[in-house]
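# Analysis of the macromolecular model
These are the residues of each chain, in order.
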Amino acid sequence: MDFISVKEAAIKFGISERRVQKLCEAHRIEGAEMVSGVWLIPTKARKPQEDERTVFVDSKDYLSLKEVCDELSISIATGRNWVKLGKIVPEFISNKTVFFSSSYIEQYKIEIQNGAKTVLKSRRNKKFITGNSLYSSYVSENCESIKDVQILLNLLNQSTVVVNEEVIQILVADCAIKLFMDKCNMKAAKPECVLTEFLDGRVSFGVYNQLIFDLLENKELVDELRRNEMQFFANNFKFERGEDILGLLYISCKNIGHRKATGSYYTPTKVVKQLITKVVEKNKDGKKILDPCCGTGNFLLQLPARFEMNQIYGNDIDLISIKIARINMALKFDNVDLGILYANFTNSNYLSEFDGTGYDLIVGNPPWGFAFTDKEKIYLRNAFTTARGNSIESYDLFLEKALTGLKKNGVLSFVLPEAILNVKAHLPIRKMIVASSSIQFVEFMGNVFNQVNCPCIIFQLKHTDEKITTKGMEIFFGTNRLHLRKKWNISPDCFSLKMSDEEHKVLQKISGISNMVTLQDKSVFALGIVTGNNKKFISKNKSEEVEVILKGSDIFKYKVKETDNYIKYQPKKFQQCAAEECYRAPKKLLYRFICNQLVFACDDKQMLSLNSCNIVIPNIKGINIKYILAVLNSRIAQFFFEKKFNSVKVLRAHIEQIPIPKISVSEQNEVISLVEEIENEINAAERIVKYENIDEKIRVLYGLNDLEYLIIKKTVDENNNFLS
């Protein structure tokens, strides 16, 4: 009998060598035998039939589609589309389930990082942004060391040196020596020789030498860099009080992809100072302060002089950050006890290992979107109330843990995504806050993180062990500075905080109108089409095979703009598509999805739309779709949406909660007549007049008086666009 090798069999069967070997081990290839540790396969052997019983998946060797999507930081829907388009190729398919070789995905990730594959470049993918970048907003604008760090980064980018953590530690150590020298008025004749002089004992800082030696663990690498890369040590860094220069150097050298994959978004100094100023101003008696995710210690560096070293505690999961934070504290304070530094600044997992309690103040910027392992998720779901949903958000867990670490009446102040106030996934942590804490201070900051599109807030809580109250709360957004004088009824469903007492009263009146209805459970909602590749599917050329497809930018209040975007409707080729009857409904409402305003138009031409233009089809007995259109486009609905949800996306959950006054058919017809007038009006000025007429009708239906309506107009008119 003639035999072939595993490699030859893999080519013959059209599967991987690993798969052939697995089938041999499972005795699925007839006649295959092992000789001297090598599988020999009969030349005439047939490829075994694959079924659920004959698939032997080793978790170390193969990944499911979900695991691959987690590795690549893409959605399951995108993953399926990539398989369909051949962007990722499964090792084999069993019972319609795809499996990928672990080695294949690992190589795929490497090719993304080194630029060989460009599939994620346009996606702003968090895990695969690479290179070195100056994170200048981490320090003050006038920080003198920014230029020195930039010079060093340029040298690193031009060199062939692999900038790993060991190299970064050596560079940080050299910088630390120069900062200590400058603080102590010690002059360096040749900056590039300072590290050598320190190692030879000619430069010394007494007990603090140990803090620098902690960064110089690889002696061979230190010697190699000193011999071959002296240019890296030529900068003469200057000590600047309150500036985390060591942190700037460290995070600028680190791979950006690693920083984002671990949920680390380093806080700009401007934000750090705002948080620290506010928390110490309101809590002058705070004695024991912790930053549980302190990084290199920037928040604690900004503490005023009244705080002493024995009052300050820091923790981080990143050991290098803790080493740097200890040095920063030694630079901040004079004559710091080394034992206190090592005792108070710890390297541990705050969620699973840190057990400190009794803090007066807890501050910081916890990780956002940390990628927990499956094993960690099992522990967290057992240990944290906020980890029991479908997804686990790291900053929710940090909030929960921090609240348990405070003394009664202790204060927590974190930088957090604005989404924590209103997104459904964060309901468990909002319930905890409502039950045991009061909000002292909220500042809406907008997008403050470098290259991160995520509005954030400074969120300051007082842990009272009593139900939440708003009285005395301060709210800051834009130029608005509000001090609440009244107690509001705060629901954990949504923390609607971006308003004054007067605006809150109007919102309550709108929410509580009698004889009203909502679209919840009385409407069909549908997403627009996700093609997976708009360039491929959308054309500017009109033909018999294609039809118009609308984008969100084509939707205006009461009007659909003419467009020259065309598509051939082939749902099986799209990444995501609603049921066709939603697109072909005789009448439907279209609305902009990515928008901070409610913008609706009625479509009776059965047009297709992309996912930036979503669909709602009301089905409320006795309520006309065009009357609903008038309500949703009104200032009152916009005020409700803006104050209750404060979102840059119009979600189904938002639309479903808008109260719609129930009125008679004749009253509806009066509104509908005005709606049809504005739909047909082409003059921009006249459209505004007609809009005012409709809005006045809607105001009366909600029972709002002139003063209440004036409050609404002042709030929404500045941004009440999309009329023409």
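Predicted, not measured: the structure shown is a model, and the values here were computed from it.

Conventions we followed
Residues numbered from 1 in each chain as written. Predicted model: local features only at pLDDT ≥ 70, side-chain atom pairs only at ≥ 80, totals over all residues. Heavy atoms only, no water. Helix = DSSP H or I, 4+ residues; strand = E, 2+ residues; numbered from the N terminus. Buried < 20%, exposed > 50% of the residue type's maximum accessible area, 1.4 Å probe, protein only. Contact = heavy atoms within 4.5 Å. Areas by Shrake-Rupley, 256 points an atom, 1.4 Å probe, with all protein chains shown as cover. Lys, Arg positive; Asp, Glu negative; His and termini not counted. Charge placed at Lys NZ, Arg CZ, Asp CG, Glu CD. Phe/Tyr/Trp six-rings, centres within 6.5 Å; stacked < 30°, edge-to-face > 60°. Pairing = 2+ DSSP bridges. Axes fitted to C-alpha atoms, helices over the stretch in contact; angles between N-to-C directions. Salt bridge = Lys/Arg side-chain N within 4 Å of Asp/Glu carboxyl O. Parallel < 35°, antiparallel > 145°, perpendicular 65-115°, else oblique. Left-handed = near helix turned anticlockwise from the far one by under 90°. Nonpolar A, V, L, I, M, F, W, Y, C, P; charged D, E, K, R; others polar.

Attention shifts here to the overall build of the protein chain. What the protein chain contains, in helices and strands, is 28 helices and 27 strands. In terms of principal-axis extent, the alpha carbons of the protein chain reach across some 95 × 90 × 45 Å. Split into buried and exposed, the 724 residues of the protein chain put 53% on the buried side. Long-range contacts, defined here as pairs at least 24 residues apart, represent 72% of the contacts in the protein chain between residues at least 6 apart. Of the roughly 33,800 Å² of accessible surface on the protein chain, a fraction of 48% belongs to carbon and sulfur atoms. Taken together, the 99 basic and 88 acidic charged side chains of the protein chain have centroids lying 3 Å from each other.

In this structure, Asn335 takes a positive phi of about 55° despite not being glycine. Of note, Asn335 is situated in the loop between helix 15 (319–332) and helix 16 (338–344). With a phi angle near 65°, Asp465 is a residue other than glycine that sits in the positive phi range. If you trace the backbone, Asp465 turns up in the loop between strand 13 (456–463) and strand 14 (474–477).

Turning our attention to the packing of aromatic side chains. Given two aromatic rings, their pairing is described by the distance between the two centres and the angle made by the two planes. Within the structure shown, the criterion is met by 19 aromatic pairs. Plain terms: the ring middles of Phe198 and Phe205 are 6.2 Å apart, the flat faces sit at 25° to each other, and that makes the pair stacked. In this structure Phe198 comes out as buried when scored by relative accessible area, which is 2%. Between Phe444 and Phe477 the ring centres are 6.3 Å apart and the planes differ by 90°, which places this aromatic pair in the edge-to-face class. Here the residue Phe444 occupies a position in strand 12 (residues 437–446), and Phe477 occupies one in strand 14, the gap between them amounting to 33 residues.

Right, let's get into the sheet that holds strand 10 (residues 359–364). In spatial order, the strands read 9-8-7-10-11-13-12-14-15; together these 9 strands make up an open sheet with mixed pairing. Both edges of this open sheet fall to strand 9 (345–347) and strand 15 (480–483), since each of them pairs with a single strand only. Put simply, the sheet's adjacent strands are angled 15° from each other on average, direction ignored. Relative to strand 8 (residues 312–316), strand 7 (residues 289–291) runs parallel, the two being bridged by 3 bridges. Within strand 8, the residue paired with Leu290 across the bridge is Tyr313.

A few words on the pairing of strand 15. One ladder, built from 4 bridges, connects strand 14 with strand 15; its direction is antiparallel. Its bridge partner lying in strand 15, Phe477 is registered against Asn480. Taking the residues that link successive antiparallel strands as the turn, the strand 14-strand 15 hairpin has 2 residues, and the phi of Gly478 there is positive, at about 60°.

With antiparallel pairing, 3 strands are arranged side by side in an open sheet as 4-6-5. Among the strands making up the open sheet, the edge pair consists of strand 4 (62–64) and strand 5 (92–94). Strand-to-strand, the axes of this sheet are offset by a mean angle of 35°, without reference to chain direction. Here helix 3 (residues 65–72) sits on the sheet and contacts strand 4 and strand 6 (97–101); the angle it forms with strand 4, its principal contact strand, is near 90°.

Under the criterion given, the structure shown has 28 salt bridges. A salt bridge links Lys690 to Glu681; the nearest nitrogen and oxygen atoms lie 3.4 Å apart. In this structure, Lys690 and Glu681 share a single accessibility class: buried. In this structure, a network of salt bridges that share partners links the residues Arg635, Glu692, Asp695 and Asp717.

Glancing now at the pairing of strand 12. For a regular strand, the rule is simple: side chains alternate between the two faces of the sheet. Across the 10 residues that make up strand 12, a large majority, 9, are buried. The pairing of strand 12 with strand 13 spans 8 bridges and is classified as antiparallel. Considered in strand 13, the bridge of Ser437 is made with His463. With 4 bridges connecting them, strand 12 and strand 14 associate as parallel partners.

Take the environment of Lys568 next. Tracing the backbone shows Lys568 in the loop between strand 22 (566–567) and helix 22 (580–583). Residue classification places Lys568 among the partly exposed residues on the basis of a relative accessible area of 39%. Put simply, Lys568 and Leu399 are 169 residues apart on the chain and 49 Å apart in space, counted from C-alpha to C-alpha. For Lys568, the contacting residues outside a window of four places in its chain are Glu545, Val546 and Phe574.

Turning next to the environment of Phe414. Relative to the assigned elements, Phe414 resides in strand 11 (residues 406–417). Remark: the alpha-carbon pair of Phe414 and Leu275, spanning 139 residues in sequence, is separated by 7.9 Å. Among residues more than four places away in sequence, those in contact with Phe414 are Leu275, Pro292, Ile362, Val363, Gly364, Pro366, Phe398, Leu399, Ala402, Ile457, Ile458 and Phe459.

Once that is clear, we can look at the packing of helix 24 (residues 635–644) against helix 28 (residues 706–716). As a packed pair, helix 24 and helix 28 sit with axes 10 Å apart at the nearest point and diverge in direction by 65°. As summarised for this structure, helix 24 and helix 28 are arranged roughly perpendicular, according to the angle between their axes. Where helix 24 crosses over helix 28, the handedness of that crossing is left-handed. Here helix 24 contributes Arg635, Ile636, Gln638, Phe639, Glu642 and Lys643 to the contact with helix 28, which in turn contributes Tyr709, Ile712, Lys713, Thr715 and Val716. For the contact of helix 24 with helix 28, the per-class residue count stands at 5 nonpolar, 2 polar and 4 charged.

Treat this as a map of the structure, not an account of what it does.
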